[in-house]
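Below are the chains, spelled out letter by letter.
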Amino acid sequence: MRIDVVSIFPSYFDGLTLSLLGKARDSGILDLDVHDLRDWTSDRHRTVDDTPYGGGAGMVMKPEPWGLALDQLADSQSGSLSSSKGGPTIIFPSPAGEVFTQATARELATREHLIFGCGRYEGIDERVFEYAADLGEVRLISLGDYVLNGGEVAVMAMVEAIGRLIPGVVGNPESLVEESHEDGLLEYPSYTKPSVWRDREVPPILLSGNHGAIAGWRHEQQLERTRVRRPDLLSD
Ligand code: JFH
């Protein structure tokens, strides 16, 4: 999989680039490239923003650098330009997008080429989303119902969630099988040594060696936690 990220703060992604790309980079499983949007400006001040038409607070990202960036990144890899199928999946984090879930991560982990566009200020000129739709599949995705200052933190979360689903990427769990036990419940509680810590004991059943009883207890824990913390997962 190829992942391109476009941002005016590319150094935000230094840690992600380092951690995610151990053997994944060397083996070519995951090719993550972070780009500075200002590389696609041509004025002396490398301007990426301007005042909003119609008035209002703050600034809006200009379309021209985004158009040039998307042109270059969309045909550098994805082969077939235009035609909208076979092109990259182009993701713009947005507080007004569909909410990102594990199902979204699973879907995006199957794609050959992802391009993440990180907005800042009050967002990106709307015509960029229309233009991007001619280059690939456009997805506006929200990390959750709260407002960040830009798309970078959302992209880091999404790339981490997607990356760990790709076999061979650092952080990929041994047992995605066990994890994909898709019961839609919260996790059961985990314990490790010592068996008593500051007068607190590990639930004795976990030391019993009775694997059937342990599985049953864990499932009960999952149900109860979900009922208390996330009842929406049981009703919807
Ligand atoms: C982003 C920002 C929009 C204006 C609510 C009503 C009016 C500030 C680019 C994603 C999630 C984001 C996110 C993603 C990209 C950008 C800041 C945008 C408005 C806010 C104000 C710029 C924020 N899940 N949360 N935030 N901003 N809106």
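In the block above lies the structure referred to throughout.
Remember, predicted model here, so these are calculated numbers, not experimental data. (Residues numbered from 1 in each chain as written. Predicted model: local features only at pLDDT ≥ 70, side-chain atom pairs only at ≥ 80, totals over all residues. Heavy atoms only, no water.)

S.K.: Sorry if this is basic, but what is going on with the site of the ligand here?
M.R.: Taken together, 17 residues surround the ligand, and among them Ser142, Leu143, Gly144, Tyr146 and Leu148 come closest. Within the contact set of the ligand, a nitrogen atom lies 3.0 Å away from a backbone nitrogen or oxygen of Leu143. A distance of 2.6 Å separates a nitrogen atom of the ligand from a polar backbone atom of Tyr146. Taking 600 Å² as the accessible area of the ligand by itself, protein coverage stands at 73%. When the residues that make up the shell around the ligand are grouped by side-chain class, the tally is 7 nonpolar, 8 polar and 2 charged. (Near = heavy atom within 4 Å. Polar contact = N/O pair within 3.5 Å; in protein donor to acceptor, adjacent residues only side chain to side chain. Areas by Shrake-Rupley, 256 points an atom, 1.4 Å probe, with all protein chains shown as cover. Nonpolar A, V, L, I, M, F, W, Y, C, P; charged D, E, K, R; others polar.)

S.K.: Could you clarify how one ought to interpret the environment of Ile205 in this entry?
M.R.: Relative to the helices and strands, Ile205 is located in the loop between strand E9 (200–201) and helix H8 (211–229). Take Ile205: its relative accessible area is 26%, and that puts it in the partly exposed class. For the pair Ile205 and Cys118, spaced 87 residues apart in sequence, the C-alpha to C-alpha distance is 48 Å. The residues touching Ile205, leaving out its near neighbours within four places in the chain, are Ala213, Ile214 and Trp217. (Helix = DSSP H or I, 4+ residues; strand = E, 2+ residues; numbered from the N terminus. Buried < 20%, exposed > 50% of the residue type's maximum accessible area, 1.4 Å probe, protein only. Contact = heavy atoms within 4.5 Å.)

S.K.: Looking at this model, I keep getting lost on a nonpolar patch on the surface. Mind explaining?
M.R.: On the surface, a nonpolar cluster with roughly 440 Å² of combined accessible area is contributed by Phe9, Tyr12, Tyr146, Leu148 and Val153. In this fold, Tyr146 is placed in the loop between strand E7 (137–142) and helix H6 (152–163). (Patch = residues over 30% accessible without salt bridge, like charges linked within 9 Å, V, L, I, M, F, W, Y side chains within 5 Å. Salt bridge = Lys/Arg side-chain N within 4 Å of Asp/Glu carboxyl O.)

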